[in-house]
Amino acid sequence: MRVEILGPTRALGADGREAALGGPRVRALLTLLALHAGRIVTTGQLIDGLYGEHPPEGAANALQSQVSRLRRALGRDLIEFHPGGYRLAPDGNEVDAHRFERLAAAGRRALDSGDPRAAAGLLREALDLWRGAALADAPHATAAASRLEDLRLSALEDRVEAELELGLHREMVTELRRLLDDHPLRERPRAQLMRALHGGGRQAEALTLYEEGRRLLDDELGVTPGPDLVQAHLAILRSTPAEPPAPGHRRGMRAQLTSFVGRAAELDQVGGLLASTRLVTLVGPGGAGKTRLAAEVAERARGDVCFAGLAPVIEAAELPHAVLAALDVRDGVIVSGRGQPPRDPADRLVGALSGREVLLILDNCEHLVAAAADLADLLLAACPGLRVLATSREALGIVGETIVPVSPLKLPPPDAANPLDYPAARLFADRAAAVRQGFTIDAGNAALVAAVCRALDGLPLAIELAAARLRTLSLEDIATRLDDRFGLLARGSRTAQPRHQTLRAVVAWSWDLLDADEQRMARRLTVFVNGASLEAAERVCGLPEEVLASLVEKSLVELVGGRYRMLETIRAFCAERLAEAGETDTIRQAHTGYYLDLVTAADPHLRTREQLEWLARLDTESDDVYAALRWAVESGRVEPALRLVGQAACYWWMRGHLITSSGLAADLLRRLDGPPGGLTEEYAMCVLIASWGNRPDETIRARLDRLPQLVSPTDNLTAGLEFLTMLLSMFTGPPDDYEQAMRDMDRIKPMLPPWTSGLTHSGMAFLLLDAGRMDEAEAEFEHALAVFESLGERWGMTMVLGGLGDLAYSRGDHRRALSLTSRALELSEQLGAMVDMAEYLSRRADSMRHLGDRDAAEAGYLRALELARRTGDSDGMARAHLGLGEVAALRGEPGRARELMEQALAECRQGWFASEELRERITQALANLVSAR
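Residues numbered from 1 in each chain as written. Predicted model: local features only at pLDDT ≥ 70, side-chain atom pairs only at ≥ 80, totals over all residues. Heavy atoms only, no water.

Visitor: Explanation requested: the overall build of the protein in the structure shown.
Guide: Secondary structure summary: the protein contains 42 helices and 13 strands in total. Here the protein, with 933 residues, has 51% of them falling under the buried criterion. Of the contacts made within the protein by residues no fewer than 6 positions apart, 69% connect residues no fewer than 24 positions apart. Accessible surface, the protein as shown: approximately 41,200 Å² in total, 50% of it carbon and sulfur. (Helix = DSSP H or I, 4+ residues; strand = E, 2+ residues; numbered from the N terminus. Buried < 20%, exposed > 50% of the residue type's maximum accessible area, 1.4 Å probe, protein only. Contact = heavy atoms within 4.5 Å. Areas by Shrake-Rupley, 256 points an atom, 1.4 Å probe, with all protein chains shown as cover.)

Visitor: Help me understand the sheet that holds strand 3 (residues 41-42), please; the structure alone is not making it clear to me.
Guide: Either a parallel or an antiparallel arrangement is found when strands of a sheet pair, and the pairing is made through backbone hydrogen bonds. Taken in spatial order, the 3 strands line up as 3-5-4 in an open sheet, and their pairing is antiparallel. The strands lining the two open edges of the sheet, one partner per strand, are strand 3 and strand 4 (79-82). Across 4 bridges, strand 4 lies against strand 5 (residues 85-88) in antiparallel orientation. Of the residues in strand 5, the one forming a bridge with Phe-81 is Tyr-86. Running at roughly 75 degrees to strand 5, helix 1 (residues 24-35) makes contact with strand 3, strand 4 and strand 5 of the sheet. Helix-sheet contacts for helix 3 (residues 59-74) involve strand 4 and strand 5, and the interaxial angle to strand 4 is about 145 degrees. (Pairing = 2+ DSSP bridges. Axes fitted to C-alpha atoms, helices over the stretch in contact; angles between N-to-C directions.)

Visitor: Just to check I follow, could you spell out a nonpolar patch on the surface for this structure?
Guide: A cluster of nonpolar residues, Leu-185, Leu-221 and Val-223, forms a patch on the protein surface that exposes about 230 Å² of accessible area. With respect to the secondary-structure elements, Leu-221 resides in helix 9 (residues 203-221). (Patch = residues over 30% accessible without salt bridge, like charges linked within 9 Å, V, L, I, M, F, W, Y side chains within 5 Å. Salt bridge = Lys/Arg side-chain N within 4 Å of Asp/Glu carboxyl O.)

Visitor: Looking at this structure, how should I read the packing of helix 1 against helix 2 (residues 43-51)?
Guide: How two helices pack is summed up by the angle between their axes together with the distance between the axes. The N-to-C vectors of helix 1 and helix 2 enclose an angle of 130 degrees; their axes lie 10 Å apart at closest approach. Overall, the two elements helix 1 and helix 2 adopt an arrangement that is oblique. Pair helix 1 / helix 2 crosses with right-handed handedness. Between helix 1 and helix 2, the residues in contact are Arg-25, Ala-28, Leu-29, Leu-32 and Leu-33 and Leu-46, Gly-49, Leu-50 and Tyr-51, respectively. The residue inventory of the contact of helix 1 with helix 2, partitioned by class, reads 7 nonpolar, 1 polar and 1 charged. (Parallel < 35°, antiparallel > 145°, perpendicular 65-115°, else oblique. Left-handed = near helix turned anticlockwise from the far one by under 90°. Nonpolar A, V, L, I, M, F, W, Y, C, P; charged D, E, K, R; others polar.)

Visitor: I tried to follow the environment of Ala-395 on my own but got confused; where do I start?
Guide: Mapped onto the elements, Ala-395 comes out in the loop between strand 10 (386-392) and strand 11 (401-405). For the pair formed by Ala-395 and Glu-366, sequence separation is 29 residues and the distance between their alpha carbons is 8.3 Å. Leaving out residues up to four positions away in the same chain, Ala-395 has contacts with Thr-281, Val-283, Val-369, Glu-401, Ile-403 and Glu-553.

Visitor: Hey, could you run me through helix 22 (residues 516-524) in this one?
Guide: Note that an α-helix has 3.6 residues per turn; residues three or four places apart therefore point the same way. Turning to helix 22, its buried residues are Glu-518, Gln-519, Met-521, Ala-522, Arg-523 and Arg-524. Two to three positions downstream of the cap, the backbone nitrogen of Asp-517 sits 3.2 Å from a side-chain oxygen, assigning the N-cap of helix 22 to Asp-515. (Polar contact = N/O pair within 3.5 Å; in protein donor to acceptor, adjacent residues only side chain to side chain.)

Pasting the structure below:
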């Protein structure tokens, strides 16, 4: 068990699953025990920590109750009782706060011993354990929380110190400014910021910062600056550089006008590689920051450095001349009236570099990659002291080359508490502050900044261009206009290379370097919304794997987890090229055909023991299945659209994909007056799917009412049609004539394949259950369960186990009901069917409530409620709220119970057969509550 208290308290099992702890008192209790893990915490300490200075009467009994709940959540062995109090059995290794303290102390020791690289790693690991405020769920443990917060600040300052010692001055400026804004009276971060500014060549700003700090300390505290500030101030006044100057000559290098943000790890990596290997190539898409990273590596390199920018070079033959110019090696002069005979430029380069220790930067090799490879190979073989750092959108492809991918900057997730923890947002904030004075990321704009960075794929150049637009646009305007990113980001630095002045130019530079087949593959890949497998890409795009591999090598496409993906910026550009080529409809049709074939092949496997494998495959392809269906609907391709709906229905049902699929099915139905010829089954499935997400409109409802006449069991019943009729009975209610329905099922059962037979037995069981014929229903359920178990088909097993559980519950056999629904829940978890999981959690909690375990029941209802909310399942939320209301009633809280039950009634869907039983339960529970008063 791992306990985390550096943020909201949670307990995680060995499998990473979070335990359901229950209410705030239980969380506070666990926090207090974890804070002293491995040691006995007295009853008095726990009561003080739970209730503060004025505990209520009966606090000791209440504590015992909270301990009991915590033991149920975590296991009795983990919470030990002792005469003096209680003890959390795990030692400090299992609590994040104790691990943080150990790592922070180790980082400090490494720093003191002169190993800043090890210190930085240890301290980053320590600080990464924090997820929010320390002891957030123990509001009365203020002293302990303050102590941990002080340790966090000290560790943060130690980590900054380590990174300053590694020479990362410019990178630290933004973070230190933020730290100083939060803690203006702390002298150490002020001194560190002064050193960072000084190390980045900003001496005047560093001196101004000292004066501001001196005045602030005098005004606020009446004290003079301490030794940290004084020493930093004196070092700057004496012009003592923050890091020793690197000896040697610098050729072709420009001083950087902006700070370097977000590549500290890559900077360390490349510097380390150049110490042990002689050719390193930075590869990545345009705008990823390869050139800037190479320039920063060069700044920190010792010895002679030459930076040769190859972007302006057009012909391969001009390449050696460009490097000679960067080295400042000039042509010979006229001597005694005779010209010096011309030498081969490559030979001259060898002569200029032989016997020297030089780092040569070959920047932007992609348009001359073969010539650059030949030249690098020649120079490295002839000049033993030479090291080469190349940047390119594809590797040079020669022996001895070490490739370092330069990926987009790490992006803040949508719910990031502090986007500035992520390099992409830090870069945006830094560049935005340069064009709009006083710009900072705060709670009001954090989500917008994160959205802009995500929309731009974390590409540094795109982020810089977007931040620059803050001169004339608001952040909201930038966020809303990113659909036209190439138009919006059309103004960059006038002094930049033309290909870096606009976002379009960045991508166009890469596009123009592709051959015809590569351009065809790149534009056709844009029809995939979630990347493509090799099989899908080859079939839809009509080109072989070698072309796709070439695009990967040239950084237009990335291979992640077996799927070929494009950054959204590159995809948008290539999609324009697809439209210009007039291929959109052709490739979309091929895309739709591929995914129709895929769901058709997958559907029968979903009802076998192979279903988990095929469900996982369809999960990966789900977005593209929806995209194919959306295009087929919008373009009026009714037949493939209906077939897609029919074949994907079982997958959508098993996965609980109700909302999106129902909306697309409803859009398709609006284009149909009735079932097209030969597609009755698919049409009926489309009507059901259109009905299952939200409340259907009158037109769809009328079509649903007509389905029983359109679809009925026949001698030719297929697995798909049987699945359809099962769904139909759930939407339209039981048949008017039970006996006839059961006779129909009896007639067809001998003719059916196994899965369809199992579903038919289960359908008959539900009919018998509705008719009150319990023993017969149980026999049919058992028969169906045996069939599904023989097939290894988990979805069918969960449905039957749920039916058997309902049967046991109705008989008052709550222990058997608990066992059956627990098994159904386990299978639902294997399937990842969150809607079913919520349903079975609530059913299991019903049995726990009847067995007297109110705390466990409450925890089950709360987890069901969370899952139902995540899936938008209003009936699931209603069932969970009803259960919580019934628990509240048992605890003698009628007001709370009524509130929860009324909420459940409001959530229960109107006009649905499947919801009516739940509605009746809620209404009866409310009536019972009133009569009990």
